[in-house]
Amino acid sequence: MGTDKAQSNDWLKDNRGALPSIIAVIAVTVFWAVGGIGEIRYLADASSFMALLTGLYIVLAAMAVSIIITTLALTDLAGRYARPRNRREG
């Protein structure tokens, strides 16, 4: 049991630089899941055409930003884990 905690702490120490990218990918995934459900509800309850159009433009901008964030985060993670690790054993 104690080794599991030690291993997770070691992983966290070794990958501290990757945490922002991992958190960004998780946040965008949650945004897309929650946003999809919320947007369907918003489209059903739209009171006017202008409110609907404004909401759709805001969602379009948020989707574009989330795609950019995901691309940057995945590029960072791929570059970080594609390079060989030069660690000294001992």
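The structure contained in this document is the topic of the report that follows.

The rules behind the values
Residues numbered from 1 in each chain as written. Predicted model: local features only at pLDDT ≥ 70, side-chain atom pairs only at ≥ 80, totals over all residues. Heavy atoms only, no water. Helix = DSSP H or I, 4+ residues; strand = E, 2+ residues; numbered from the N terminus. Buried < 20%, exposed > 50% of the residue type's maximum accessible area, 1.4 Å probe, protein only. Contact = heavy atoms within 4.5 Å. Patch = residues over 30% accessible without salt bridge, like charges linked within 9 Å, V, L, I, M, F, W, Y side chains within 5 Å. Areas by Shrake-Rupley, 256 points an atom, 1.4 Å probe, with all protein chains shown as cover. Salt bridge = Lys/Arg side-chain N within 4 Å of Asp/Glu carboxyl O. Axes fitted to C-alpha atoms, helices over the stretch in contact; angles between N-to-C directions. Parallel < 35°, antiparallel > 145°, perpendicular 65-115°, else oblique. Left-handed = near helix turned anticlockwise from the far one by under 90°. Nonpolar A, V, L, I, M, F, W, Y, C, P; charged D, E, K, R; others polar.

### Some thoughts on the overall build of the protein
Along the backbone of the protein there are three helices and zero strands. For the protein, the succession of helices and strands along the chain, N to C, is α-α-α. Burial statistics for the protein: of 90 residues in total, 11% are counted as buried.

### Points about the side chain of S21
Summarising the element assignment, S21 is placed in helix 2 (residues 19-44). For S21, the contacting residues outside a window of four places in its chain are A73, D76 and L77.

### Focus on a nonpolar patch on the surface
A surface patch of nonpolar side chains, amounting to about 290 Å² of accessible area, comprises W11, L12 and Y81. Along the chain, Y81 falls in helix 3 (residues 49-82). On the basis of relative accessibility, which here comes to 39%, the residue Y81 falls in the partly exposed class.

### Structural notes on the pattern of salt bridges
Taken as a whole, this structure holds one salt bridge when the rule is applied. With a closest N to O distance of 3.2 Å, R80 and D76 form a salt bridge. Here D76 and R80 lie together in helix 3, a separation of four residues that amounts to about one turn. The exposure class of D76 is partly exposed, given its relative accessible area of 27%.

### Details of the packing of helix 2 against helix 3
Put simply, helix 2 and helix 3 touch, their axes get as near as 9 Å, and they point 160° apart. Comparing the axis directions of helix 2 and helix 3 gives the class roughly antiparallel. Here helix 2 runs over helix 3; the crossing is left-handed. When the residues that make up the contact of helix 2 with helix 3 are grouped by side-chain class, the tally is 19 nonpolar, four polar and two charged.

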